[in-house]
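# Structural characterization, general
Letter by letter, the chains look like this.
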Amino acid sequence: LIQLFIILNTMDIEQDSHELTANNGHYVGDDVSTLPIDSENHSNKIKYPKSVFFIISNEFCERFSYYGMRTILAIYLQQVLNYSEDNATIIYHTFVSFCYFFPLFGAIIADCFLGKFKTIFILSIFYALGNITLSLASDIDLPINNVLFTIIGLFLIALGTGGIKPCVSSFGGEQFILPEQEKQLVQFFSVFYFSINAGSLISTYLTPVLRTRPCLGQITCYPLAFGIPALLMIVSLIIFLCGKKMYKIREPEGNIVIDVTQCISQAIWRKITSKEKKNHWLDYADDKHSSKLISETKVLMEIVYLLSPTILFWSLYEQQGSRWTFQATHMNGKIWQFTIMPDQMQVINPILILVFIPLFEGIVYPILFKLNLIKTSLQKMSAGGIIAALAFIISAFLEFQLQSSYAVLPSAGEGQLRIYNSFNCSATIQVPTHNLQNILDATSLLEIKSISVVGEKELNISISFPNNCSVVSGSFNSTVKVYEQQAISYILVSNSNNEVDCTSLMQFDDLSKAEDANPTVRFVYNIWNNKKLNITSKEGSTAIQMSLSSDTHAKDAIEITSGSYYFNLEGSSSSFLYHLDVGGVYSILISENRNDGDVESSLFVLTPPNSIHILWLLPQIVTITVAEIMFSITGLEFCFTQAPVTMKSVVSSLWLLTDALGNLIVVVISEATADIEQAYVLLLFAVLMLIIMGIFIVLAIKFKYPPENVLLDQDLASNIGTKFEQEK
């Protein structure tokens, strides 16, 4: 904030935008590029373009919209649209891939056809429509195809955010006069970068909070969580339009990406069809393209060849928003009275980036250089890639620890059976056809988590009670049904003839954890009259009353805030204190004795609570952030400095394209490993990254740096804008 204050106070924005003083004379007009410059301090007299503040405000709103939506996207796909974690990961990374593919499309449209202003304006309309569509799609009560509308919304958002990505910062840079306003241009990019981080940090924290608020009759509020980013995108578009009269708008001048593509295509075609021998395959394009373009394209292809293995880095990095977020949903986010939402953990990475950049530049890199360990950009990238693999090894280790708290769900060819004993004496349960015999203690639960079944199967069971049981005694026969890929529960109760019935609880058991990680509890009971169940928190702050009908023996599961609660059945002097922890799935058995009216109760854990704290994600987040500093930022700098001057925009487009391809790799691997445990998938990514970095190191050793005359810079504004677009 102090830096932003200093930057804003150094901007000369008090002078009239149409008055410039030079050579002791006054010049009036908008086109100052042709004015004579005789004074050393003339750059201070040029009016700071007010139009850039509209661009900065526009960028803040757009980044708020994008990161706010993206932060909760993976959890929305899983918890609202009911996709599996693997399928949600596939959709998430396909979307991100499109977001980084469309910048190539947007740059060509802006440079060759519409210009930057029209491109930003038109694609922002698609962007806003996509956000609105996604917000409507998240309301499951609307009579629409929620999945189809979600996909349409995501496509429009990808088209919008990707299309304007290469245009906004460079459009802002075009508002300055160079070289006179070089200092102001750097200040503009500093404030521009600040607006990006401010928008993303605020939305990354805020939207997970909004999604957990109940609204529209639902326990979550995704329409609001997606609606706020939609509103900000509309505001972004309005702000951008408000500055139109102040903008310097240039006509399209062509795009070097098209020239390079044509040069490569021509070279390939002539190499295939021509019998002429050339020293280099790109030399075959000399019939239609200049030697300068061909030589610079050669340098470009060398860079592409070197960096092509590094695509996998983005496969690892981008999974912070998918697999790592899903990891967080299985962890305990409670810190005193505050709860960290799983998707809020994504806010840590950009914060660490801002902290680590000066730390590495000022301390870490100088120390490594003095120790002769890491000196060049390619060495930094190699180390960064290896560290990224380490982050996924840490993540895999954490996943192995988390598996003990995952719900055990019946797979294909299997079913689960649970039998509650509501009596105050033990019972012996036998299933002759399966050679099963279990002693079921008083008010306890028998769980058989794997029974072979195809479709459904009926089992004959034998139930016997000891002779000293005061309520019931003797042996009884009954039947139960088991269903494939389902869990079903029964309760032992006595009928009017004092015989034991094994009664179905009708609904299948839901063993899955709640969306917001609150504990879930189901009440199973055996009472003789309709009664109320009073639930009071230990602190006395929460009071719930439920009606229990003697005709049924179970209530639907409810979500409740984690904590300790007293459970008291109406008319009973006994209260039972149970602690319900984050992410746990519980059942509570309440049994009323028919003879004396005494009430007994037991708590059962169906799915273990989230026992590992969410802050254990910090080691892998810190590690991947270090990898990002050393790999991503250094890689960007290497590409920019080694690319020929006319190819820097091409390198920018290709750098974004590597992110798109990296996300596609996640999609492919997720499809291929759908039936493999997540921990092993994480290890697979780590091993692949280590192999790829070995290949990269070999290529880096053989890399030949291009001659300096090819790298001379000629367009400061374009270079700064292009480089900044990638750094952000």
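The rules behind the values
- Residues numbered from 1 in each chain as written.
- Predicted model: local features only at pLDDT ≥ 70, side-chain atom pairs only at ≥ 80, totals over all residues.
- Heavy atoms only, no water.
- Axes fitted to C-alpha atoms, helices over the stretch in contact; angles between N-to-C directions.
- Helix = DSSP H or I, 4+ residues; strand = E, 2+ residues; numbered from the N terminus.
- Parallel < 35°, antiparallel > 145°, perpendicular 65-115°, else oblique.
- Left-handed = near helix turned anticlockwise from the far one by under 90°.
- Contact = heavy atoms within 4.5 Å.
- Nonpolar A, V, L, I, M, F, W, Y, C, P; charged D, E, K, R; others polar.
- Pairing = 2+ DSSP bridges.
- Salt bridge = Lys/Arg side-chain N within 4 Å of Asp/Glu carboxyl O.
- Buried < 20%, exposed > 50% of the residue type's maximum accessible area, 1.4 Å probe, protein only.
- Polar contact = N/O pair within 3.5 Å; in protein donor to acceptor, adjacent residues only side chain to side chain.
- Domains from an automatic or database assignment.
- Phe/Tyr/Trp six-rings, centres within 6.5 Å; stacked < 30°, edge-to-face > 60°.
- Lys NZ or Arg CZ within 6 Å of the ring centre and 35° of its normal.
- Disulfide = S-S within 2.5 Å.
- 1 Å grid on protein atoms, 1.4 Å probe; cavity = no way out; pocket = protein on both sides within 12 Å on 5 of 7 lines; lining within 4 Å.
- Points joined across faces, edges and corners; volume = space filled by probe spheres on them.

## Focus on the packing of helix α5 (residues 116–137) against helix α8 (residues 222–242)
Where α5 meets α8, the axes come as close as 8 Å, and the angle between the chain directions of the two elements is 160°. Taken together, the axis directions place α5 and α8 in an arrangement best described as roughly antiparallel. Along this stretch, α5 crosses α8, giving a crossing that reads as left-handed. Residues Phe117, Ile120, Phe121, Ser124, Ile125, Tyr127, Ala128, Asn131, Ile132, Leu134 and Ser135 of α5 pack against Pro223, Phe226, Gly227, Pro229, Ala230, Met233, Ile234, Leu237, Phe240 and Leu241 of α8. A breakdown of the residues in the contact of α5 with α8 according to their chemical character gives 17 nonpolar, four polar and no charged.

## Concerning the sheet that holds strand β18 (residues 575–580)
The strand order across the open sheet formed by four strands is β15-β14-β17-β18, and the pairing between neighbours is antiparallel. Looking at the sheet topology across the chains shown, the edges are occupied by β15 (543–548) and β18. This sheet shows a mean twist of 25° between the axes of neighbouring strands, independent of strand direction.

## A closer look at the pattern of salt bridges
By the definition in use, this model includes 18 salt bridges. One salt bridge in this structure joins aspartate 343 and arginine 211, with 2.7 Å as the shortest N-O distance. With aspartate 343 in the loop between β4 (338–339) and α13 (348–370) and arginine 211 in helix α7 (residues 182–211), this residue pair connects regions lying 132 residues apart in the sequence. In terms of burial, aspartate 343 and arginine 211 fall into one category: buried. A salt bridge links aspartate 286 to lysine 278; its shortest N-O distance comes to 2.9 Å. The class for lysine 278 is partly exposed, based on a relative accessible area of 25%.

## What about the sheet that holds strand β19 (residues 585–592)?
Sheet architecture is open: four strands sit in the order β16-β13-β19-β20, paired in mixed fashion. Looking at strand neighbours, the two that pair on one side only are β16 (558–559) and β20 (599–607), the edges of this open sheet. The pairing of β19 with β20 spans eight bridges and is classified as antiparallel. What sits directly across from glutamate 592, in β20, is valine 599.

## Thoughts on the environment of threonine 212
With respect to the helices and strands, the residue threonine 212 is situated in the loop between α7 and α8. For the pair threonine 212 and methionine 341, spaced 129 residues apart in sequence, the C-alpha separation works out to 8.9 Å. When near neighbours in sequence (up to four residues on either side) are disregarded, threonine 212 contacts Ile219 and Met341. In terms of polar contacts, threonine 212 uses its side chain to reach the side chain of arginine 213, at 3.4 Å.

## Remarks on the pairing of strand β6 (residues 427–431)
Burial of the side chains of β6 is restricted to one face: Ala427, Ile429 and Val431 are buried, whereas none of Thr428 and Gln430 on the reverse face is. Pairing of β6 with strand β7 (residues 436–440), which is carried by five bridges, proceeds in the antiparallel orientation. In the sheet register, threonine 428 faces β7, and the bridge partner there is isoleucine 439. Between β6 and β7, which pair antiparallel in sequence order, lie four residues; one of them, asparagine 435, sits at a positive phi of approximately 55°. When β6 meets strand β9 (residues 456–465), the two strands line up antiparallel, connected through three bridges. Residue pairing across strands places isoleucine 429 opposite isoleucine 463, the latter belonging to β9.

## As for the environment of serine 572
Along the chain, serine 572 turns up in the loop between β17 (563–569) and β18. C-alpha of serine 572 to C-alpha of glycine 597: the two residues are 25 residues apart in sequence and 8.0 Å apart in space.

## Let's talk about the domain arrangement of the chain
Segmenting the chain into domains produces domain 1 (48–254), domain 2 (290–404 + 613–727) and domain 3 (414–607). Here domain 1 and domain 3 have C-alpha centroids that lie 50 Å from each other.

## Looking at the packing of aromatic side chains
Under the definition given, this model contains 36 aromatic pairs. Both rings, one in tyrosine 483 and one in phenylalanine 508, keep their centres 5.2 Å apart while their planes meet at 80°; by these two values the pair is edge-to-face. Note that tyrosine 483 is positioned in strand β10 (residues 474–483) and phenylalanine 508 in strand β12 (residues 500–508), a separation of 25 residues in sequence. With relative accessibility at 23%, the residue tyrosine 483 sits in the partly exposed group. Relative to phenylalanine 567, the ring of phenylalanine 523 has its centre 5.9 Å away and its plane inclined at 55°; by these criteria the two rings are tilted. Remark: phenylalanine 567 occurs in strand β17 and phenylalanine 523 occurs in strand β13 (residues 520–526); sequence separation between them is 44 residues. Grouped by ring-pair contacts, the aromatic residues Tyr48, Phe53, Phe176, Phe188 and Phe192 constitute a single cluster. The residue whose ring lies beneath lysine 165 is tyrosine 66, and the NZ or CZ to ring-centre distance is 5.9 Å. It is lysine 380 that lies over the ring of tyrosine 365; its NZ or CZ is 3.8 Å from the centre.

## Comments concerning the packing of helix α3 (residues 51–79) against α7
The geometry of α3 relative to α7 is characterised by a closest axis approach of 7 Å and an angle of 30° between their N-to-C directions. In this view, α3 runs roughly parallel relative to α7, as classed from their interaxial angle. Once α3 is placed against α7, the crossing between them reads as right-handed. Here the residues of the contact of α3 with α7 are counted per class, giving 16 nonpolar, nine polar and three charged.

## Some words on the state of the cysteines
Considering all chains together, one arrives at two disulfides under this definition. Between the sulfur atoms of cysteine 215 and its disulfide mate cysteine 221 the distance is 1.9 Å. Between cysteine 215 and cysteine 221 the disulfide shows an S-S torsion of about 100°. By sign, it is right-handed. The exposure class assigned to cysteine 221 is buried, which follows from its relative accessible area of 4%. Each disulfide pairs two cysteine sulfurs, and for cysteine 425 the partner residue is cysteine 469, the sulfurs being separated by 1.9 Å. Negative torsions about the S-S bond denote left-handed disulfides, and the value of about -45° found for cysteine 425 with cysteine 469 makes this one left-handed. Taken together, the residues span a long stretch of sequence, with cysteine 425 in the loop between β5 (414–421) and β6 and cysteine 469 in the loop between β9 and β10 at a distance of 44 residues. Sequence-ordered numbering of the bonded cysteines in the chain gives a disulfide pattern of 1-2, 3-4. Of the cysteine sulfurs around cysteine 99, a residue in no disulfide, the closest is that of cysteine 167, at 15 Å. Judged by its relative accessible area of 1%, cysteine 167 is buried.

## Looking at empty space enclosed by the protein
Inspection of the entire model under this criterion finds six cavities of 30 Å³ or more. Lining the largest cavity are 13 residues, and of these Ser422, Phe423, Ser591, Glu592 and Asn593 lie nearest its centre. Here the lining of the largest cavity is composed, by residue class, of three nonpolar, six polar and four charged. Those elements that place two or more of their residues in the lining of the second largest cavity are α12 (323–329) and α15 (618–642). Here the lining of the second largest cavity is composed, by residue class, of five nonpolar, five polar and no charged.

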